[in-house]
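Reading the structure
Spelled out from the first residue to the last, the chains are:
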Amino acid sequence: MGFENTTALNVMSATLSQFFIRLMPWFFVWVWSTGFLVAKLGKSYAEPFTLLSYRFALALVVLWVIIKVVNCDWPSTWRLALHCMLVGLLIHGVYLGGIFQAISLGMPAGLSAMVIGLQPLTMALFAGLMLGERVTKRQWLGLIMGLVGLYLVLGEQFSIDPETVFEGFSGWSPVLVGSSLLAIAFGTLYQKKYCHGVDLLTSIWLQYAAALVLSLSVAFAFETRIVDWQWQFVVSLSWQVLALSIGAILLLMIMIRQGAAAKVGSLFYLVPPVVAIQAWFLFGEALGVQGLLGIVLIAAGVAQAMWPSRN
């Protein structure tokens, strides 16, 4: 009788594990998409790298407590630790810092999102060069479908006049966003290639430690570091630390280790339409026929890229 109960529990545990693995990408997309919403709420209360410094510092504290409770292993060599820190500089420091700074210089969030929307294609190109991953014709088709759908959604949400596209924001903004695009694509693949075998929690702690050094350096060199501690800022910062800096990044690292980089990268196509849907629900922003068509095309493209191959 006890053996039967144990077997039933094992089967149930395996079923729940498989369910969580299948649900993980969609939960990640939703959590990652909220970053744009809370950034809109919190950026009015602190300068970009000052905000990121608080975010990274608090994330380090929370992660340190978790690491101590779980008793995680640290990288076995300094080389592995440095690899993790370089990943942190790229996917946290340069990526987030570039986007936050570009928007603070006046670049429309929609325009910056359109540039970052090239990430899946960029990752697919880098994956072949860095990891030797073969991107199939079906995956290329899915990636291109997702890109077209992305621009349909954003083109409706953010109408840009070609004659005034560069008015009102610094010429450094496109450079910063372009750097963010390269940083998140290259950093994600670098993590997959050089940080395999390192405990996820300690790896992320080292990443944030490196990103904190970068953000503090920029904040002390170029910003006033003044924060308006309103409740909106506290709520925004708390969500950024717990849900985004710990939850979403942990999910991303798990998916990178489990799946091909091109497939994981294609999930980022889903973020802009999910943001558009939430903005429509929360703030009443219009979502017309073009946007709906774009969302359908993105979903079809991601399904095309993520569908398991016969091999």
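Look a little higher up for the structure.
Residues numbered from 1 in each chain as written. Predicted model: local features only at pLDDT ≥ 70, side-chain atom pairs only at ≥ 80, totals over all residues. Heavy atoms only, no water.

**A short note on a nonpolar patch on the surface**
Taken together, the side chains of Val61, Val65, Val69 and Val70 make up a nonpolar region of the molecular surface, amounting to roughly 380 Å² of accessible area. Position of valine 70 among the secondary structure elements: in helix H2 (residues 48-70). (Patch = residues over 30% accessible without salt bridge, like charges linked within 9 Å, V, L, I, M, F, W, Y side chains within 5 Å. Areas by Shrake-Rupley, 256 points an atom, 1.4 Å probe, with all protein chains shown as cover. Salt bridge = Lys/Arg side-chain N within 4 Å of Asp/Glu carboxyl O. Helix = DSSP H or I, 4+ residues; strand = E, 2+ residues; numbered from the N terminus.)

**Concerning the side chain of glutamine 240**
One can find glutamine 240 in helix H9 (residues 231-258). Only 3.0 Å separates the side chain of glutamine 240 from the side chain of arginine 55, close enough to count as a polar contact. (Polar contact = N/O pair within 3.5 Å; in protein donor to acceptor, adjacent residues only side chain to side chain.)

**Some remarks on H2**
For H2, which comprises 23 residues, the first-to-last C-alpha distance of 33 Å matches the rise-based estimate of 33 Å (1.5 Å per residue) to within 8%. Residues of H2 that are buried include every one of Pro48, Phe49, Thr50, Leu51, Leu52, Ser53, Arg55, Phe56, Ala59, Leu60, Leu63 and Ile67, and no others. Phi turns positive, to about 65°, at asparagine 71, one or two residues after H2. (Expected span 1.5 Å × (residues − 1). Buried < 20%, exposed > 50% of the residue type's maximum accessible area, 1.4 Å probe, protein only.)

**Notes on unusual backbone geometry**
Of note, asparagine 71 is a non-glycine position whose phi angle comes to about 65°, a positive value. If you trace the backbone, asparagine 71 turns up in the loop between H2 and helix H3 (78-104). By relative accessible area, asparagine 71 is classed as exposed at 61%.

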